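# Summary of the model geometry
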Amino acid sequence: MAEKNISIIGLPASGKTTYIAALWALMINNSPHCSLSLHSLKEGNQEYLNKISEDWLSFVEVGRTMLAKNVGEVIMNLKNNATGKITTLNIPDFYGELFDAHFQDREWSETYHEQIQNSKELILFVDPYAQNNIARTIMDERQYMEEFSGMEDILTGKTVGKKKKEKATPPPANPNVYKHVDTSNQVKLVEILQYLIYTFEPETPYKIALVVSKWDKVIINHKNATPEELVKSNLPLLYQFLSCNRQALDVKYFGISAQGVDYENAKAVTEFASTVPEDRVEVFDGTTLTKDIATPITWLSE
Amino acid sequence: MADTDKVAQTGTPTNNKGKISTGVEKSEQDDFYLEEDDFEPGEDSENEGAERSSDQPINMISLFKGEELTIEQITDVTYRFPATKIYILGEHDSGKTTILATLFEMFQAAPFHDFHYAGSLTQIGFERRCFYSRLASKNDDADTERTKAEEFHFLHIAIKKSYSEKQATHLLISDIAGEKIKRAKSNTQDMEDLAIITDSHHISFVIDGEKLAEIKTRQAVLTQAKTFVRKAIDEKIMDNQTRLAIVVSKWDLLEGLEGFDYNLLIVNPFTRDFQSSLGELNFLKIAVRPDSFDVFKLGHGLLDLLNFWLKVEERANEIAPQQKSLRMINNLIF
């Protein structure tokens, strides 16, 4: 029986699927860098895992060629190569829309409730460069207004006879009504974590591996940055919340480059294709850089 | 999986080919695949494919709503934590909502000076205010949505002065609709409706700086404020336990304005007329969203206001729970 039950959570497009694809591919291939190995596949959609890992191995955008309607919950049973301990990796939702729905609908199913109740270790994915990480503030609004000078007229439908600036684009539909989609990612992420804290009142802190995806892109601009520093600067509300609630949330930050290369860069893809798959992955915990994709899972299962 | 089934029920419907549809038909296929051609360039694969269906009934568990709390619901907070209760009063468009919206926006950008965001049970409530407040900055009609509510509602925010601080400070803040304030200053029944504010730790009365800047409306807006305070004292809504702050908003319009003497017009007369009837009387100047950021920064004066509200922390325990709440947010462990 598994000693740990780890769940992977995160908003849409935060890097979960690419990570899982790479993890599966490297597990199947018994990557020498990996601290974990595949123990057994208890249930779930193996076909989908196989397909996304093939995509990853083929340098194709993961999930683009196949979208299963009923992927459902996927469970991986993993064994720690050093200790022999078994860890269950639970993926409630590949796409993150589930978590978006929880935020919008303010409810979750009994099934999900039971799954997440048994999971005291979480991997939380964040995309450091997602456009909606931080809400647009009034200062941004002023800038926006200067750029889109016709905004007032657009909002009130009085654009006839007015000359709009060339760069101006119409605002989104129904701009006068607040919608949950207007909420920034960091507010949603705080809410996801608040749901857990309030609902389950854990006696011991949740252990959270916060994974900053696309780490290869991060270090292009921030060579000496740590994942924690990046969350602090790019998702400041989330960082404050995590830091203020250490008694409930034991967090360690990781930067992960799971894709390894920009697929649109043909030259780089060719270079990467000549290397072994495990060399594509990089994991940085703030002090150590490794090619062990399972590093966050290993930390959570300690 | 049941929860993803729920996504299919409430999310964007799919047609029987599994493509996103604007209709309401439900897919009859259990599994489907999209062809590569169905993707638009640049579309993110992780945003797709969560629509699923099932014939199985789904039992759902409600989570806390995240909206403003009613007076009955604030026990969800006060039952668990010492909380500081603050009322922001002021006439329509005086800047009450802007204060709260800006506070939340500041935390979204960075810690606010020494203060750190420890969470909120009313993030949706804050988000709504931020949204309508931003909208109002470019559309005069938009503010009706945010101020029309006649009932008392509270926003909750937990903050810490340092990450190592053991307990967060919990604020419950209510900004009362301008129309209610306008009526209360001349109507006993409406003033009695405000009896709720007698259990406050702080009352902040906001005077519209824009109206003070305009010579024609200056005396009227000052008289309105004084009339409200006098009526509130006479009706025992404010007494020698009340900590009242007179907050002049939009101070960027008044700083250095010729003919405007802050002490002469505000501090002296309010002190003379009301100090002896109140527990505390203080004066603050704010310009949380100045017209220009050249001289005044975003959130100008907000730190003083926050520090002022937090000074009464020691009184927080005086708010006793009226009843035990059954909501799951009782499990809050900030």
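Analysis parameters
Residues numbered from 1 in each chain as written. Chains lettered and ligands numbered in written order. Predicted model: local features only at pLDDT ≥ 70, side-chain atom pairs only at ≥ 80, totals over all residues. Helix = DSSP H or I, 4+ residues; strand = E, 2+ residues; numbered from the N terminus. Buried ≥ 20, exposed ≤ 12 C-beta atoms within 10 Å, placed from the backbone. Contact = placed C-beta atoms within 7 Å. Axes fitted to C-alpha atoms, helices over the stretch in contact; angles between N-to-C directions. Parallel < 35°, antiparallel > 145°, perpendicular 65-115°, else oblique. Left-handed = near helix turned anticlockwise from the far one by under 90°. Nonpolar A, V, L, I, M, F, W, Y, C, P; charged D, E, K, R; others polar. Pairing = 2+ DSSP bridges. Core = buried A, V, L, I, M, F, W, Y, C linked by C-beta atoms within 7 Å. Arc of directions from axis to C-beta. pLDDT = per-residue confidence, 0-100. Expected span 1.5 Å × (residues − 1).

Within chain A, the secondary structure is distributed over twelve helices and ten strands. Burial analysis of chain A (302 residues in total) assigns 49% to the buried set. In chain A, 76% of the contacts between residues at least 6 apart in sequence involve partners at least 24 apart.

Turning our eyes to something else, we now look at the overall build of chain B. On a plain count of helices and strands, chain B comes out with eleven helices and nine strands. Residues counted as buried form 46% of the 334 residues belonging to chain B. When contacts within chain B are restricted to residue pairs at least 6 apart in sequence, those whose partners lie at least 24 apart make up 75%.

Take the packing of helix 3 (residues 96–109) of chain B against helix 4 (residues 123–136) of chain B next. All names here are of chain B. Between helix 3 and helix 4, the shortest axis-to-axis distance is 9 Å and the interhelical angle comes to 110°. Classified by the angle their axes make, helix 3 and helix 4 are roughly perpendicular. Here the hand of the crossing between helix 3 and helix 4 comes out left-handed. Residue-level contacts link T97, T98, L100, A101, F104 and E105 of helix 3 to F126, R129, C130 and S133 of helix 4. When the residues that make up the contact of helix 3 with helix 4 are grouped by side-chain class, the tally is five nonpolar, three polar and two charged.

All names here are of chain A. Among the nine residues in strand 8 (residues 249–257), seven count as buried, and that is most of the element. Pairing geometry for strand 7 (residues 206–212) and strand 8, over seven bridges, is parallel. Paired with V211 across the strands is F254, a residue of strand 8. In this structure, strand 8 lies alongside strand 9 (residues 282–284), joined through three bridges in antiparallel fashion. Within the sheet, the bridge partner assigned to G255 lies in strand 9 and is F284.

Phi is positive for B:H113, which is not a glycine, with a value near 55°. With respect to the element layout, B:H113 can be found in the loop between helix 3 and strand 4 (116–119).

A word on the nonpolar core. Counting 151 residues, the largest nonpolar core has A:A22, A:L210 and B:F205 as its most contacted members. When residues of this core are assigned to their parent elements, the largest contribution, nine residues, is made by helix 1 (residues 16–28) of chain A. Here B:F205 is in contact with B:L89, B:G90, B:A225, B:V229, B:L244, B:I246 and B:V247, once residues within four sequence places are set aside.

Turning our eyes to something else, we now look at the packing of helix 10 (residues 236–244) of chain A against helix 3 of chain B. Relative to each other, helix 10 of chain A and helix 3 of chain B sit at 85°, their axes nearing to 6 Å. If you check the angle between helix 10 of chain A and helix 3 of chain B, you find them roughly perpendicular. Contacts between helix 10 of chain A and helix 3 of chain B pair A:P236, A:L237 and A:Q240 from the former with B:F107, B:Q108 and B:A109 from the latter. For the contact of helix 10 of chain A with helix 3 of chain B, the per-class residue count stands at four nonpolar, two polar and no charged.

Once that is clear, we can look at the pairing of strand 4 (residues 86–91) of chain A. All names here are of chain A. For strand 4, the buried fraction is high: five of the six residues fall into the buried class. Bridge count for strand 1 (residues 4–10) against strand 4 is four bridges, and the pairing is parallel. Pairing of K4 across the sheet is with T87, part of strand 4. Strand direction decides the pairing type here: strand 3 (residues 74–80) and strand 4, joined by six bridges, are antiparallel. In the strand pairing of strand 4, N77 is matched with T88.

This brings us to the sheet that holds strand 4 of chain A. All names here are of chain A. A sheet is described by the order of its strands in space; here nine strands give the open sequence 2-3-4-1-6-7-8-9-10, paired in mixed fashion. The open sheet terminates on both sides in strands that have one partner only, identified here as strand 2 (36–40) and strand 10 (289–290). Most of the contacts of helix 1 go to strand 2, to which it runs at about 80°, and overall it touches strand 1, strand 2, strand 4, strand 6 (121–126) and strand 8.

Right, let's talk about helix 11 (residues 302–310) of chain B for a bit. Residues and elements named next belong to chain B. Buried residues of helix 11: L302, L305, L306 and W309, and no others. Each buried residue of helix 11 lies within a common arc of 95° when the element is viewed along its axis, so the set occupies one face. On the buried face of helix 11, the contacting elements are strand 3 (83–90), helix 3, strand 6 (169–175), strand 7 (202–207), strand 8 (243–248) and strand 9 (280–285).

Note: predicted coordinates in regions of low pLDDT should not be interpreted at a detailed level. Averaged over every residue, the pLDDT of chain A is 83; the share at 70 or more is 81%. Predicted confidence is poor over residues 148–171 of chain A, with pLDDT under 50, and the contacts of this stretch with residues over four places away or in other chains come to 25 contacts.

A word on the environment of A:G84. Residues and elements named next belong to chain A. Its location among the elements puts G84 in the loop between strand 3 and strand 4. Residue classification places G84 among the exposed positions, given that 8 C-beta atoms sit within 10 Å. Residues G84 and S213, spaced 129 residues apart in sequence, show a C-alpha to C-alpha distance of 28 Å.

All names here are of chain B. Here chain B averages 77 in pLDDT, and 72% of its residues register 70 or above. Contacts of residues 1–53 to residues separated by more than four positions or lying in other chains number 111 contacts, the stretch itself having pLDDT below 50. Note on residues 313–334: pLDDT is under 50 here. Beyond four places in sequence and across chains, it has 45 contacts.

Moving on, we get to helix 1 of chain A. Residues and elements named next belong to chain A. Spanning 13 residues, helix 1 covers 18 Å between terminal C-alpha atoms, matching the ideal 18 Å at 1.5 Å per step. In terms of burial, helix 1 is a largely internal element, twelve of the 13 residues being buried. Those residues of helix 1 not exposed but buried are K16, T17, T18, Y19, I20, A21, A22, L23, W24, A25, L26 and M27. Considering only its buried residues, helix 1 is in contact with strand 1, strand 2, helix 2 (46–57), strand 4, strand 6 and strand 8. N30 sits one or two residues past helix 1 and shows a positive phi near 50°.

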